[in-house]
Amino acid sequence: MKNQIPYGRHSIDQSDIDAVVSVLKSDFLTQGPLVPLFEKMVCEYVGVKNGIAVNSATSALHLACLALNVGPGDIVWTSPISFVASSNCALYCGADVDFVDIDPVSYNMSADALSLKLEKAKLENKLPKVVIPVHFSGQSCDMEKIFALSKEFGFRIIEDASHAIGSNYKNHKVGSCEFSDITVFSFHPVKIITTGEGGMCTTSDDELANTIYRLRSHGITRNPKEMTEPPDGPWYYQQIDLGYNYRMNDLQAALGVSQLKRLDSIVQRRQEIKKYYDKILNDLPLILPKQMEYNHSSLHLYVIQVKEKEMLADRKVVFERLRAGGILVNVHYIPIYRQPYYQKKYSFLPSSFPNAESYYNQCISLPIYPELTNEDMDRVKETLITPIGHQVLF
Ligand SMILES: *Cc1c(COP(=O)(O)O)cnc(C)c1O
């Protein structure tokens, strides 16, 4: 039996292990010097003033929505081709959610579809308070266009960059918040760099940063300037909002600091993997992923689409073939509006999102992670084209 090849995998070296062990031997397991150091290093890397580390991107999205005052009566729009956390964050705040169809080439929220939907929403008086573009697979959305629409229609922007640390949009690092209020990163082990579990909000707005910082730890402040009542003494703290315990700890941050040092080489390896796949899969009846010329993607995912007619096999058959061969491919994503929870709450019509539907019916995420070898990729191709049992050849 051959080894199984997962679709994504963390990359841990001895320096990562040493960094975590040294925290275990230190005075602080949490709330020590490593969390602010990790925040500072991410800020310097992406070119932004503030970074607030939290225990997941899901928490970061929740706090970002709260900081922008998302609440009951508000509407938040995002991409349907994303992880459920991209829209759940708005529901946590009591707001409503709607989706904007994707662009058929980049698989990102389409700026044109967004523009049309905004025109319609304006007439119906149902404009969104916040739009959450998701940088799918690491490729940035067309943020200049979305930013221009935000000025025209008066919404705020949270970039869900869970896939995209290390990516560039034009001359900007994703996370610089050049075209948004807040950017969110994920450090889950399948993402580009990891802290085990973890996430971060970046923002150039000090007030938003302060609010997120406070909400990360129960809504408590120790800054007399933020207190609403005079302090009783030097021991004093005040809870001024209803916050959470969404803190990152020093063990996680130590791993993050160590991983961040390798970020550029990790992204470079992912680019090489894409190039190799592009070469060996070029002659098959597949749609290969495309990068817009103004983007440099950290390539969290390498998604192919199966052209059913030419392949003489639908996506399910090809998916089963790969899984049976030990290639643990995945589907990113089931459109969020199709999830039973969302269907029950909103009964969205799949026909309202034709590009997302067509993409969902054909997509498969192939393995991509730094340790994946060219031989592994050759095996992926071999498995992809070799039918099992009665399956038809293409
Ligand atoms: C992984 C992911 C999240 C959630 O990240 P966690 O750190 O696991 O909470 C949110 N949005 C997108 C697009 C993701 O891929």
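None of the values given here were measured: they were computed from a predicted structure. (Residues numbered from 1 in each chain as written. Predicted model: local features only at pLDDT ≥ 70, side-chain atom pairs only at ≥ 80, totals over all residues. Heavy atoms only, no water.)

Participant: Describe the packing of helix 5 (residues 111–123) against helix 6 (residues 143–153), with residues and values.
Facilitator: Axis angle and axis distance: for two packed helices, these are the angle between their axes and the distance between the axes, and together they describe the pair. Axis separation between helix 5 and helix 6 bottoms out at 10 Å; the angle between their running directions is 10°. Taken together, the axis directions place helix 5 and helix 6 in an arrangement best described as roughly parallel. On the side of helix 5, the interface is formed by A111, L114, S115, L118, E119 and K122, while helix 6 contributes K145, I146, L149, E152 and F153. When its residues are assigned to classes, the contact of helix 5 with helix 6 shows six nonpolar, one polar and four charged. (Axes fitted to C-alpha atoms, helices over the stretch in contact; angles between N-to-C directions. Helix = DSSP H or I, 4+ residues; strand = E, 2+ residues; numbered from the N terminus. Parallel < 35°, antiparallel > 145°, perpendicular 65-115°, else oblique. Contact = heavy atoms within 4.5 Å. Nonpolar A, V, L, I, M, F, W, Y, C, P; charged D, E, K, R; others polar.)

Participant: Lay out the UniProt feature "active site" (unreviewed entry) in the chain in plain terms, naming residues and giving numbers.
Facilitator: Summarizing the sequence annotation, UniProt attributes the feature "active site" (unreviewed entry) to K191 in the numbering used throughout. Summarising the element assignment, K191 is placed in the loop between strand 9 (182–186) and strand 10 (199–203). Residues within four places of K191 in sequence aside, it is in contact with S162, H163, S186, R270 and H300. (UniProt positions renumbered as here; feature names shortened; annotations may be inferred.)

Participant: Break down helix 6 for me, citing the residues and quoting the values.
Facilitator: Buried within helix 6 are the following residues: M143, I146, L149, S150 and F153. Down the axis of helix 6, the buried side of the element spans an arc of 120°, and every buried residue falls inside it. Of the exposed residues in helix 6, the ones pointing more than 90 degrees away from its buried face are K151 and E152. Downstream of helix 6 by a residue or two, G154 has a phi angle that is positive, lying close to 70°. (Buried < 20%, exposed > 50% of the residue type's maximum accessible area, 1.4 Å probe, protein only. Arc of directions from axis to C-beta.)

Participant: I'd like to hear about the side chain of S167, residue by residue, with values.
Facilitator: With respect to the helices and strands, the residue S167 is situated in the loop between strand 6 (156–160) and strand 7 (168–169). Reaching out from S167, the side chain makes a polar contact with the backbone nitrogen of S298 at a distance of 2.9 Å. If sequence neighbours within four positions are ignored, S167 has contacts with G138, H172, K173, V174, H296, S297 and S298. (Polar contact = N/O pair within 3.5 Å; in protein donor to acceptor, adjacent residues only side chain to side chain.)

Participant: Lay out the sheet that holds strand 15 (residues 302–306) in plain terms, naming residues and giving numbers.
Facilitator: One open sheet holds the three strands; their spatial order is 13-15-17, and the pairing between them is antiparallel. At either end of the open sheet lies a strand with only one pairing partner, and these are strand 13 (286–287) and strand 17 (363–366). With two bridges joining them, strand 13 and strand 15 adopt antiparallel strand pairing. Looking at strand 15, one finds that L286 is bridged to V306. (Pairing = 2+ DSSP bridges.)

Participant: Can you lay out the domain arrangement of the chain for me, pointing to particular residues and giving the numbers?
Facilitator: What the domain assignment reports for the chain is domain 1 (5–102 + 109–260) and domain 2 (263–385). In this structure, domain 1 and domain 2 have C-alpha centres spaced 26 Å apart. Facing the 45 residues of domain 1 at the interface are 49 residues of domain 2. The contact between domain 1 and domain 2 buries some 3,900 Å² in all, and 60% of this surface belongs to carbon and sulfur atoms. Along the contact surface separating domain 1 from domain 2 lie zero salt bridges. Between domain 1 and domain 2 we count 32 residue pairs in polar contact (both at pLDDT 80 or more) in total. Mapped by element, the contributors of at least two residues to the side of domain 1 that touches domain 2 are strand 1 (5–6), helix 4 (85–92), strand 4 (96–99), strand 7 and helix 8 (250–260). For the side of domain 1 that touches domain 2, the leading source of residues is strand 4, giving four residues. (Domains from an automatic or database assignment. Buried area = accessible area lost by both parts, 1.4 Å probe. Salt bridge = Lys/Arg side-chain N within 4 Å of Asp/Glu carboxyl O.)

Participant: Describe in detail the packing of helix 11 (residues 315–324) against helix 14 (residues 374–385), supporting the description with residues and values.
Facilitator: Put simply, helix 11 and helix 14 touch, their axes get as near as 8 Å, and they point 130° apart. The pairing of helix 11 with helix 14 is recorded here as oblique in orientation. With respect to the hand of their crossing, helix 11 and helix 14 are arranged in right-handed fashion. Contacts from V318, R321 and L322 of helix 11 reach helix 14 at V380, T383, L384 and I385. In terms of residue class, the contact of helix 11 with helix 14 is built from five nonpolar, one polar and one charged. (Left-handed = near helix turned anticlockwise from the far one by under 90°.)

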